[in-house]
Amino acid sequence: MQAFIFSVAFMYRIGIDLGGTKIELVALAGDGEVRLRQRVPTPQGDYAGTLDAIAALVRGAEAEIGGDYTVGIGTPGAPSQSGGRMKNCNSTCLNGQPFQADIEALLQRPVRLANDANCFTLSEAIDGAGKDARAVFGVILGTGVGGGMVLEGRLWQGANHIAGEWGHMPLPLPEASDLPLPGCYCGRHGCVEAYLSGPALQAQYAAQTGLTATPAEIATLAEGNAQCAMAVLETYERRLGRALAQVVNLFDPEVIVLGGGLSNLARLYRTLPEYMAPHVFSDTVLTRIVPPLHGDSSGVRGAAWLWAPVTG
Ligand SMILES: [Zn+2]
């Protein structure tokens, strides 16, 4: 009789997307397949409760999938370089808290953190719309405007953990219609985010028409040749083209993946290359602007991929 000893090392990557309203977990197998997906509401204004909710999700996943695993967490802000306390979280009770140390202590294991825009970019760079590119820039166009940089499969977070934060650069080449410079929640004026977020687009449409409409509704109106909707969207796209040209001039990614709610506007992929090209310091522009492959799942998938092996 022959004895067979099976030693199979199951290794999962657990990703957590910590949002303002929900906390989502996925467990990815080595090939990126989702083995488990769960979500719970985010305890509102309750830091300790948020830590407990994350720990309960992870322990539940551990019980369900078995085997070994890593944990990565996508957060709305970033750990500060001075002591690891959180900063730039726009809608949570995390700011000023030693979130990484606290969650590592609760889970008794190392945890990797990155902000949600970086997680989105990593997900799309590893096995999404930018998977064949060596340099990928991810753009979030939603309630806020953010971004992330992945170079040869590696997330580049930077010395201050703000790499890719193009949303708080000034809108380049402001025209008369861009003035006066709008205020931004960050305390500056004229930030890209103040022109290009979803709420900004809605406010621009409301200012022209006195009407309330979502970005998707504005796009539908434009398809029906409604003049105001067409004009507002064209202005939006010209601004976005100028802003992305600066990203290209600095980082020169092969692929720009759009994410966030406004990435669902199909017309952006037609119009942006034309509006961007004149402002890029090159006679030809090969940069592709593409929609995300994983859509709303990219943030949580990217959190899991924070433990991806770095190649290249
Ligand atoms: Zn700003």
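Keep in mind that what you see is a predicted model, and the values were worked out from it rather than measured.

Engineer: How do you make sense of the nonpolar core when you look at a structure like this?
Structural biologist: Note on soluble globular proteins: their nonpolar side chains tend to be buried together. Core analysis: the biggest nonpolar cluster contains 39 residues, and L141, W166, L196 and L240 have the highest contact counts within it. Among the elements that take part in this core, helix α7 (residues 227-251) stands out by supplying 11 residues, more than any other. Not counting residues up to four positions away in its chain, the partners in contact with L141 are W166, L196, Y236, L240, G259, G260, G261, L262, S263 and L268. Judged by nonpolar contacts, the second largest core, of 28 residues, contains I23, L57, C89 and F99.

Engineer: I tried to follow the layout of surface pockets on my own but got confused; where do I start?
Structural biologist: The method is simple in principle: a probe with the dimensions of a water molecule rolls over the atoms, and the space it marks as empty is what remains. The volume enclosed by the second largest pocket comes to roughly 200 Å³. Elements supplying a minimum of two residues to the lining of the second largest pocket: β7 (111-115), α3 (116-127) and β10 (154-155). Residues that form the lining of the second largest pocket fall into these classes: 8 nonpolar, 2 polar and 2 charged.

Engineer: What is the right way to look at α7 in this model?
Structural biologist: For an α-helix, the turn length of 3.6 residues means that residues three or four places apart are oriented alike. Its 25 residues place the ends of α7 36 Å apart at the C-alpha level, agreeing with the 36 Å of an ideal helix rising 1.5 Å per residue. Trailing α7 by a residue or two, D252 shows a phi angle of about 50 degrees, which is positive.

Engineer: Would you take a moment to explain unusual backbone geometry for this structure?
Structural biologist: Across residues other than glycine, the phi torsion is negative in most instances, and most of the peptide bonds are trans. Following L179, the chain continues to P180 via a peptide bond in cis, the omega torsion being -5 degrees. As for its position among the elements, P180 is in the loop between β10 and α4 (192-196). With a phi close to 60 degrees, H161 is a non-glycine residue in the positive phi region. Considering the arrangement of structural elements, one finds H161 in the loop between β10 and α4. Positive phi is not limited to glycine here, since D252 has a value of about 50 degrees. Structurally, D252 can be placed in the loop between α7 and β11 (255-259). For D252, a relative accessible area of 51% puts it in the exposed group.

Engineer: I tried to follow the packing of aromatic side chains on my own but got confused; where do I start?
Structural biologist: The geometry of an aromatic ring pair comes down to the distance between the two centres and the angle between the two planes. With the rule as written, the count across this model stands at 1 aromatic pair. Its guanidinium or amino end placed over the ring of Y69, R109 lies 3.8 Å from that ring's centre, counting from NZ or CZ. The positively charged end of R112 is found above the aromatic ring belonging to W307, 3.7 Å away from the centroid.

Calculation notes
- Residues numbered from 1 in each chain as written.
- Predicted model: local features only at pLDDT ≥ 70, side-chain atom pairs only at ≥ 80, totals over all residues.
- Heavy atoms only, no water.
- Core = buried A, V, L, I, M, F, W, Y, C linked by side-chain atoms within 4.5 Å.
- Buried < 20%, exposed > 50% of the residue type's maximum accessible area, 1.4 Å probe, protein only.
- Helix = DSSP H or I, 4+ residues; strand = E, 2+ residues; numbered from the N terminus.
- Contact = heavy atoms within 4.5 Å.
- 1 Å grid on protein atoms, 1.4 Å probe; cavity = no way out; pocket = protein on both sides within 12 Å on 5 of 7 lines; lining within 4 Å.
- Points joined across faces, edges and corners; volume = space filled by probe spheres on them.
- Nonpolar A, V, L, I, M, F, W, Y, C, P; charged D, E, K, R; others polar.
- Expected span 1.5 Å × (residues − 1).
- Phe/Tyr/Trp six-rings, centres within 6.5 Å; stacked < 30°, edge-to-face > 60°.
- Lys NZ or Arg CZ within 6 Å of the ring centre and 35° of its normal.

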